[in-house]
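The lines below spell out each chain.
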Protein chains: 2
Amino acid sequence: MANIAKFDRDDVIHKAMLLFWEKGFNGTSTRDLQQTIDMRPGSIYAAFGSKEQLYSEALECYSREVAAILEQSVADEGSPLAGLESFFRNVVIDRRDTNPSEICMLVKTLSEVRNDQPGLMHLCRELLKRTECRFAGILQQAIKKGEIAEHSDPRLLAKHLQVQMIGLRIYMKTSLNTEAVGELIKSVFDSIKAH
Amino acid sequence: MANIAKFDRDDVIHKAMLLFWEKGFNGTSTRDLQQTIDMRPGSIYAAFGSKEQLYSEALECYSREVAAILEQSVADEGSPLAGLESFFRNVVIDRRDTNPSEICMLVKTLSEVRNDQPGLMHLCRELLKRTECRFAGILQQAIKKGEIAEHSDPRLLAKHLQVQMIGLRIYMKTSLNTEAVGELIKSVFDSIKAH
DNA sequence: TTTATTCTTGAGCGACTGCTCAATAAGAGC
DNA sequence: GCTCTTATTGAGCAGTCGCTCAAGAATAAA
């Protein structure tokens with residue numbers, strides 16, 4: 001009953017998320033984790049059950065934080081479409097050095113996880129779908145505000161944006177060419193406006 | 001001096017490639033490899049030096065095979081642009097069930113490998129760059145044949161295609177929606193033609 | 001303080017990791 | 001046949017893996 005002063009669960013998950021994001025699921029050992037979150041194996045397994053379960057919670061944490069950045073971008077720009085573009089530049093270019101990895105953690109998971117971990121796979125799909133829905137919602141606002149043509153299909157455009165976001169982040173890691181990627185982002189949003 | 005009848009090196013690398021592509025670098029144990037390529041550890045390490053070195057050769061094998069598919073597609077279609085589109089559909093949609101993974105092996109590597117394996121990272125970048133150059137070459141042919149506008153920049157378009165290819169394959173894995181992805185591919189090539 | 005409950009600790013289990021190397025087999029040249 | 005060189009074998013090393021659990025510390029209730 002008593003809410004005994006325990007470790008700060010959210011903080012621990014956040015720290016675990018950063019480590020997992022950097023090193024991947026297989027690349028992160030439980031010893032790494034113990035050191036990073038400053039907990040002993042017994043406590044970790046009592047609190048989270050398994051490495052996979054902790055990873056799940058880290059994924060959800062990641063997804064929440066990305067959603068917050070997106071929301072903030074739209075609010076800051078005061079325009080749905082400009083907010084989206086700012087979000088893209090922010091995530092793909094500006095944060096690439098400070099983030100644990102240039103690549104989206106959901107994509108890293110999807111590409112690493114094997115079919116014998118259906119839970120993680122399913123969670124990834126769910127979280128990516130939510131991002132796509134957020135994109136669609138913002139695009140819908142952009143239509144309302146007349147920033148893009150009324151006959152545009154926000155759900156198709158959202159899929160398009162999802163593909164771009166995934167592709168661009170990886171392309172950024174391969175090319176190391178900030179200018180070229182900036183140009184590519186510009187052309188993505190130019191073509192949306194032109195529709 | 002004598003060319004003693006040894007194992008078939010190319011065949012072994014191909015088999016190793018399929019396993020690595022499926023399970024990733026960290027996810028593939030040397031025991032897995034031993035069984036798959038039917039060699040004992042001593043022979044493997046005598047022939048390839050290390051797991052990482054064998055992985056490098058597997059990556060090059062993968063890249064060669066993808067390049068062959070691209071070349072074949074262009075030859076079959078008798079048109080550079082139609083060949084590219086056929087290649088996209090082939091790789092992103094048609095082969096997704098028979099391939100060891102839906103996702104490009106180079107991208108999987110790039111997303112998994114840590115910075116303490118600079119050799120693999122560098123090789124990935126090199127091989128992806130070559131693919132981009134191949135795209136650019138084919139787009140150049142498309143311009144010559146009048147399939148796309150003369151003022152198009154084949155190198156920029158090639159970067160664009162690279163981003164699409166990467167993004168689409170991952171999106172295919174998340175959405176499992178063949179129709180939507182087919183539509184996305186169509187729109188990619190429609191917009192290239194429209195330029 | 002005493003007792004009951006919750007939380008934390010860390011030694012260590014059994015399985016697995018990448019890899020080595022002395023022993024053996026299999027050819028090539030004579 | 002015989003020697004010399006090269007190829008293959010597989011037991012096993014030293015280290016790491018994810019995880020458990022008996023013991024102890026910390027807090028709450030009485």
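1. Thoughts on the environment of Gln162 of chain B
Relative to the assigned elements, Gln162 of chain B resides in helix H8 (residues 154–175). Once the C-alpha coordinates of Gln162 of chain B and Ile185 of chain B are considered, the two residues, 23 residues apart in sequence, prove to be 13 Å apart. Dropping the residues within four chain positions of it, Gln162 of chain B is found in contact with Tyr171 of chain A together with Leu128, Thr131, Glu132 and Phe135 of chain B. Within polar-contact distance, the side chain of Gln162 of chain B engages the backbone oxygen of Leu128 of chain B at 2.9 Å.

2. Here we look at the relation of the copies chain B and chain A
Expressed as a screw operation, the relation of chain B to chain A combines 0.0 Å of axial shift with a rotation of 180°, fitting to an RMSD of 0.0 Å. The relationship between the two copies is best expressed as a two-fold rotation axis. Among all residues of chain B, the one whose C-alpha sits closest to the rotation axis is Gly167 of chain B, at a distance of 2.0 Å. The residues that chain B uses at the interface reappear at the interface of chain A in 100% of cases, marking a shared surface.

3. Here we look at the protein's contact with DNA strand D
Close to DNA strand D lie 17 residues; Ser29, Thr30, Arg31, Tyr45 and Lys51 of chain A are nearest. Sugar and phosphate atoms form 57% of the subset of DNA strand D atoms that lie within 4 Å of the protein. Within the contact set of DNA strand D, a phosphate oxygen lies 3.4 Å away from a side-chain nitrogen or oxygen of Ser29 of chain A. Interatomic distance of 3.4 Å between a side-chain N/O atom of Arg31 of chain B and a base oxygen of DNA strand D. When residues of the surface near DNA strand D are traced back to their parent elements, those giving at least two are helix H2 (30–37) and helix H3 (41–48) of chain A together with helix H3 (41–48) of chain B. Its residues placed into classes, the surface near DNA strand D shows five nonpolar, seven polar and five charged.

4. Overview of the packing of aromatic side chains
All told, the structure shown has 16 aromatic pairs over all chains when counted by the stated rule. Pairing Phe87 of chain B with Phe135 of chain B gives two aromatic rings, centres 6.3 Å apart and planes at 65°, and the pair type is edge-to-face. Of this pair, Phe87 of chain B sits in helix H5 (residues 80–92) while Phe135 of chain B sits in helix H7 (residues 118–144); the two residues are 48 residues apart in sequence, bridging distant segments of the chain. Across the pair, exposure class does not vary: Phe87 of chain B and Phe135 of chain B are buried alike. Three or more aromatic residues link up through ring pairs in this structure, and these residues are Phe87, Phe88, Phe135 and Phe189 of chain A. For the cation-ring pair, Lys51 of chain A lies above Phe25 of chain A, with the distance from its terminal atom to the ring centre recorded as 4.5 Å.

The rules behind each value
Residues numbered from 1 in each chain as written. Chains lettered and ligands numbered in written order. Predicted model: local features only at pLDDT ≥ 70, side-chain atom pairs only at ≥ 80, totals over all residues. Heavy atoms only, no water. Helix = DSSP H or I, 4+ residues; strand = E, 2+ residues; numbered from the N terminus. Contact = heavy atoms within 4.5 Å. Polar contact = N/O pair within 3.5 Å; in protein donor to acceptor, adjacent residues only side chain to side chain. Least-squares fit on C-alpha atoms with pLDDT ≥ 70 in both. Near = heavy atom within 4 Å. Nonpolar A, V, L, I, M, F, W, Y, C, P; charged D, E, K, R; others polar. Phe/Tyr/Trp six-rings, centres within 6.5 Å; stacked < 30°, edge-to-face > 60°. Buried < 20%, exposed > 50% of the residue type's maximum accessible area, 1.4 Å probe, protein only. Lys NZ or Arg CZ within 6 Å of the ring centre and 35° of its normal.

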